[in-house]
Amino acid sequence: MSAASPLTPHPSPVITIDGPSASGKGTVAERVAHALGFHFLDSGALYRLTALAAMKAGAALDDEAAVARLAAGLPARFGEGAVWLSDEDVTEAIRAEAMGAGASQVAALPAVRAALLERQRAYLQPPGLVADGRDMGTVIFPAAQAKVFLTASAAARAERRYKQLIEKGNSANLIDLVADMQARDARDASRAVAPLRPAPDALLLDTTHMDVDAAVQAVLAHYRSKL
Ligand code: C5P
């Protein structure tokens, strides 16, 4: 059960960081949470875990009822930089490009989003929360104290994702990455429920020419300006 209606002021502060894939928001959100001693919600991981659970169960990714049932009972655990599905460490598995695409497919299903709603709101605990995703400021925490929409040019985002994959020892093709990223962003922005778009009161932060430190400082400054 959620502690309060999402439209009444939240009992603890919330900073929402939304934006397209590979915009760097995950890293920035985690660093901001660390700087403030706040909890951190990586909502994309829940959609990735749902896609993985569906694949393991042999459910079609467009079988809304079956995928929503899996999402509602997702045996997910987070901790020590790792993610588990039941007893399996799936930290690496959910980061695969295929799982990002799968997540984007299941995320378009209204019943799946509804099944994950309260689980996301339950992350709001004292002393505060930094929530990273696509609809954190628009749907999950509309009364958040500070909202940021973090973007970067498509070229910069593809390059960042490419570097990440190569550093982890994966092979990657920049042309394919750009195509996959554009397909995912288009699906996320055009879906009927909770489409990817900035909340009207969000700070737009373009990090194309900004390093992580500068982006973290900009988010912290925005939050402090709202206190
Ligand atoms: O952020 P990440 O790339 O891990 O998210 C994977 C996918 O999950 C996104 O492309 C999007 O379709 C979906 N997602 C969402 N709403 C969120 C977070 C992620 O629809 N709040």
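Please refer to the structure higher up on the page.
Since the structure is predicted, the reported quantities are computational estimates derived from the model, not experimental observations.

S.K.: What's the story with the sheet that holds strand 8 (residues 203-206) in this structure? I'm lost.
M.R.: Where strands meet in a sheet, backbone hydrogen bonds hold them as pairs that are either parallel or antiparallel. Ordered in space as 2-6-1-7-8, the five strands form an open sheet in which the pairing is parallel. Strands with a single pairing partner mark the edges of an open sheet, and in this sheet they are strand 2 (39-42) and strand 8. The sheet shows a mean angle of 20° between the axes of neighbouring strands, direction not considered. Here strand 2 pairs with strand 6 (residues 129-133) via four bridges, running parallel. When the bridges of strand 6 are listed, Leu 41 appears paired with Ala 131. Lying on the sheet, helix 2 (residues 43-57) is in contact with strand 2 and strand 6; it crosses strand 2 at an angle near 40°.

S.K.: Explain the sheet that holds strand 4 (residues 82-85) here, please?
M.R.: Taken together, the three strands give an open sheet; going across it, the order is 3-4-5, and neighbouring strands pair in antiparallel fashion. Whereas interior strands pair on both sides, the edge strands pair on one side only; in this sheet they are strand 3 (76-79) and strand 5 (88-89). Contacts from helix 2 reach strand 3, strand 4 and strand 5 within the one sheet, and its direction differs from that of strand 4 by about 35°.

S.K.: Would you mind going over the site of the ligand with me for this structure?
M.R.: Residues in contact with the ligand amount to 17 residues; listed here are only the nearest, Arg 48, Arg 113, Arg 184, Asp 188 and Arg 191. Within the side chain of Lys 25, a nitrogen or oxygen atom sits 3.5 Å from an oxygen atom of the ligand. Between an oxygen atom of the ligand and a side-chain N or O atom of Arg 191, the distance comes to 2.8 Å. When the free accessible area of the ligand is taken as 450 Å², the share hidden by the protein chains comes to 97%.

S.K.: I keep staring at the environment of Gln 125 and nothing clicks. Help me out?
M.R.: Considering the arrangement of structural elements, one finds Gln 125 in the loop between helix 5 (110-121) and strand 6. What Gln 125 contacts, discounting residues up to four positions off in sequence, is Ser 12 and His 39.

S.K.: Would you explain unusual backbone geometry in this entry?
M.R.: The general pattern is negative phi for most residues beyond glycine and trans for most peptide bonds. Geometrically, the link from Pro 126 to Pro 127 is a cis peptide bond, its omega value of 5° lying close to zero. In this fold, Pro 127 is placed in the loop between helix 5 and strand 6. Positive phi, normally seen in glycine, also occurs at Glu 80, with a value near 55°. Relative to the helices and strands, Glu 80 is located in the loop between strand 3 and strand 4. Of note, Ala 194 is a non-glycine position whose phi angle comes to about 45°, a positive value. Relative to the helices and strands, Ala 194 is located in the loop between helix 8 (174-190) and strand 8. What makes Ala 194 buried here is its relative accessible area of 14%.

S.K.: Would you mind showing me how to read the side chain of Ser 43 here?
M.R.: By the element assignment, Ser 43 lies in helix 2. Polar contacts involving the side chain of Ser 43 include one to the main-chain carbonyl oxygen of Asp 132, which spans 2.6 Å. Excluding its chain neighbours within four sequence positions, the residues that come into contact with Ser 43 are Gln 120, Asp 132, Gly 133 and Met 136.

S.K.: Can you help me understand the pattern of salt bridges in this one?
M.R.: For side chains of opposite charge, pairing can occur when their charged atoms come near one another. One pass over the structure, following the stated rule, counts eleven salt bridges. Put simply, Lys 25 and Asp 132 hold a salt bridge, and the shortest N to O gap is 3.2 Å. Residue Lys 25 is found in helix 1 (residues 25-36), and its partner Asp 132 is found in strand 6; the two are separated by 107 residues along the sequence. In this structure, Lys 25 and Asp 132 share a single accessibility class: buried. We note a salt bridge from Asp 201 to Lys 147, for which the minimum N-O separation is 3.3 Å. Of this pair, Asp 201 sits in the loop between helix 8 and strand 8 while Lys 147 sits in strand 7 (residues 146-151), placing them 54 residues apart in sequence. What emerges from the salt-bridge pattern is a single network uniting Arg 134, Asp 188 and Arg 191.

Here is what the cut-offs are and how they apply
Residues numbered from 1 in each chain as written. Predicted model: local features only at pLDDT ≥ 70, side-chain atom pairs only at ≥ 80, totals over all residues. Heavy atoms only, no water. Pairing = 2+ DSSP bridges. Helix = DSSP H or I, 4+ residues; strand = E, 2+ residues; numbered from the N terminus. Axes fitted to C-alpha atoms, helices over the stretch in contact; angles between N-to-C directions. Contact = heavy atoms within 4.5 Å. Near = heavy atom within 4 Å. Polar contact = N/O pair within 3.5 Å; in protein donor to acceptor, adjacent residues only side chain to side chain. Areas by Shrake-Rupley, 256 points an atom, 1.4 Å probe, with all protein chains shown as cover. Buried < 20%, exposed > 50% of the residue type's maximum accessible area, 1.4 Å probe, protein only. Salt bridge = Lys/Arg side-chain N within 4 Å of Asp/Glu carboxyl O.

By themselves, these are just geometric observations and shouldn't be taken as functional.
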